[in-house]
Amino acid sequence: MTRFFFTENYNSALERIEDHIFSTTQSLDQVSRFLDEHDQVLLFIESNPNTPTMHSLTGDQTWLFGDGRYRIFFKTALRKDGIHIYLTHLIDNRQANIDFYPDNKIPTYDEES
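Residues numbered from 1 in each chain as written. Predicted model: local features only at pLDDT ≥ 70, side-chain atom pairs only at ≥ 80, totals over all residues. Heavy atoms only, no water.

Pulling in residues and values, what's your account of helix α2 (residues 28-47)?
Along its 20 residues, α2 runs 29 Å from first to last C-alpha, staying within 8% of the 28 Å computed at 1.5 Å per residue. Considered for burial, the residues of α2 that qualify are V31, F34, H38, V41, L42 and I45. Taken end-on, α2 shows its buried residues confined to a sector of 105°, consistent with a single buried face. Exposed residues on α2 whose side chains face more than 90 degrees from its buried face are D29, Q40 and S47. (Helix = DSSP H or I, 4+ residues; strand = E, 2+ residues; numbered from the N terminus. Expected span 1.5 Å × (residues − 1). Buried < 20%, exposed > 50% of the residue type's maximum accessible area, 1.4 Å probe, protein only. Arc of directions from axis to C-beta.)

Tell me about the packing of aromatic side chains, residues and numbers included.
Enumeration according to the criterion identifies six aromatic pairs in this entry. Judged by centre distance (4.7 Å) and plane angle (55°), the rings of F34 and Y70 are tilted. Taken as a pair, F34 in helix α2 and Y70 in strand β3 (residues 70-79) lie far apart in primary sequence, 36 residues in all. Pair check on accessibility: F34 and Y70 agree, each one buried. An aromatic cluster of at least three residues, connected via ring pairs, comprises F34, F65 and Y70. (Phe/Tyr/Trp six-rings, centres within 6.5 Å; stacked < 30°, edge-to-face > 60°.)

Would you mind going over the pairing of strand β2 (residues 61-65) in detail, with residue names and values included?
Examined bridge by bridge, β2 and β3 share five bridges and lie antiparallel to one another. Among the inter-strand pairings, L64 is bridged to a residue of β3, identified as R71. From the end of β2 to the start of β3, which pair antiparallel, there are four residues, and G66 there has a positive phi angle of about 65°. (Pairing = 2+ DSSP bridges.)

Geometric values such as these leave the question of function open.
So this is what it looks like as structure tokens:
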């Protein structure tokens with residue numbers, strides 16, 4: 001059996017992304033679409049936990065979803081009762097994400113949804 005564990009950092013990132021989507025689109029439908037895509041990527045990872053390669057330095061795995069807009073970070077562990085997947089971070093590639101991409105700049109143009 002596969003179990004997911006949402007870290008505090010992950011939950012905070014999820015909330016920030018939901019808030020960002022709503023504040024930029026004023027659309028609950030867009031937030032729902034994001035959450036549906038998020039659920040789909042969790043189902044994919046549950047069925048394919050070893051598909052994303054492991055980062056050699058950090059030991060985590062990542063997977064893009066939402067047409068490449070979002071990236072999920074997680075670690076897997078094989079336990080007696082099955083696979084445990086620890087969701088560690090989530091980023092929206094349309095935001096700066098300076099911690100992950102220090103050379104990113106926020107463009108100054110109107111983005112079409």
